[in-house]
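Each chain is listed here by its residues.
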Amino acid sequence: MRTAPPSADDALLARLQAPPDLREGTDALAYWRGRRQRLPWYRIAARREAARMSVAWEQRVRAALVRQRGLPTEARLRAARLVAGIWLRRSLRRVTLALAGTAMVLLVLAPALLLLDVLVHVLS
């Protein structure tokens with residue numbers, strides 16, 4: 001059984017869904033990360049757009065790292081370093097927030113628990 005050749009639309013969709021060239025993707029990812037950092041705090045919508053685009057390009061660069069073969073080692077290392085740096089920063093931010101939340105809970109709960117312990121001993 002013969003299959004029909006792919007239509008122009010199918011070819012275009014396949015090309016659009018394929019990961020970008022690794023160098024182009026790395027450049028785009030670096031641009032969007034830098035744009036978000038350069039924007040002032042009051043440009044909320046623009047910063048949100050830059051953050052969304054940064055996440056999208058990060059995913060595309062990861063896909064390109066896995067799928068593209070025969071790339072120069074320098075291009076692969078640059079892309080891997082960029083993606084790993086993003087992951088490390090994100091992880092560090094999450095750990096910092098978790099530690100800060102734990103510290104706040106302890107600072108709030110410790111005095112309340114001490115007071116409760118004193119009240120239990122006084123009333124018993």
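No experiment lies behind these values; they were computed from the predicted model shown.

Turning our attention to a positive patch on the surface. On the surface, R36, R89, R93 and R94 cluster together into a patch of positive charge. Per element, the largest residue contribution to the positive patch is three residues, and it comes from helix α4 (residues 73-123). With respect to the helices and strands, the residue R94 is situated in helix α4. Judged by its relative accessible area of 57%, R94 is exposed.

Turning our eyes to something else, we now look at α4. With 51 residues, α4 extends 73 Å from end C-alpha to end C-alpha; this agrees with the ideal 75 Å at 1.5 Å per step. By the largest-angle criterion, L109 marks the main kink of α4, which is about 25°, and a proline, P111, follows within four residues. Taken as a whole, α4 has its buried residues at A75, A79, L82, V83, G85 and I86. Packing partners of the buried residues in α4 comprise α2 (22-38) and α3 (44-67).

Here we come to the packing of α3 against α4. Look at α3 against α4: their axes get within 10 Å of each other, and the N-to-C directions meet at 135°. Taken as axis vectors, α3 and α4 run oblique relative to one another. Considering only the axes of α3 and α4, their crossing is left-handed. The residues of α4 that touch α3, namely those facing E58, V61, R62 and L65, are R76, A79, A80, V83, I86, W87 and R90. Across the contact of α3 with α4, the residue classes tally to seven nonpolar, no polar and four charged.

Another point: the pattern of salt bridges. Going through the model one piece at a time under the given rule, you end up with three salt bridges. The residue R78 makes a salt bridge to D27 at a minimum N-O spacing of 3.0 Å. Of this pair, R78 sits in helix α4 while D27 sits in helix α2, and the two are 51 residues apart along the sequence. With relative accessibility at 40%, the residue R78 sits in the partly exposed group. A relative accessible area of 43% means that D27 is categorised as partly exposed. In this structure, the salt-bridge partner of E58 is R90, at a minimum N-O distance of 2.8 Å. Of the two residues, E58 is situated in helix α3 and R90 in helix α4; the sequence distance between them amounts to 32 residues.

Scoring rules and cut-offs
- Residues numbered from 1 in each chain as written.
- Predicted model: local features only at pLDDT ≥ 70, side-chain atom pairs only at ≥ 80, totals over all residues.
- Heavy atoms only, no water.
- Patch = residues over 30% accessible without salt bridge, like charges linked within 9 Å, V, L, I, M, F, W, Y side chains within 5 Å.
- Areas by Shrake-Rupley, 256 points an atom, 1.4 Å probe, with all protein chains shown as cover.
- Salt bridge = Lys/Arg side-chain N within 4 Å of Asp/Glu carboxyl O.
- Lys, Arg positive; Asp, Glu negative; His and termini not counted.
- Charge placed at Lys NZ, Arg CZ, Asp CG, Glu CD.
- Helix = DSSP H or I, 4+ residues; strand = E, 2+ residues; numbered from the N terminus.
- Buried < 20%, exposed > 50% of the residue type's maximum accessible area, 1.4 Å probe, protein only.
- Expected span 1.5 Å × (residues − 1).
- Bend = angle between axes of the 7 residues up to and from the residue.
- Contact = heavy atoms within 4.5 Å.
- Axes fitted to C-alpha atoms, helices over the stretch in contact; angles between N-to-C directions.
- Parallel < 35°, antiparallel > 145°, perpendicular 65-115°, else oblique.
- Left-handed = near helix turned anticlockwise from the far one by under 90°.
- Nonpolar A, V, L, I, M, F, W, Y, C, P; charged D, E, K, R; others polar.

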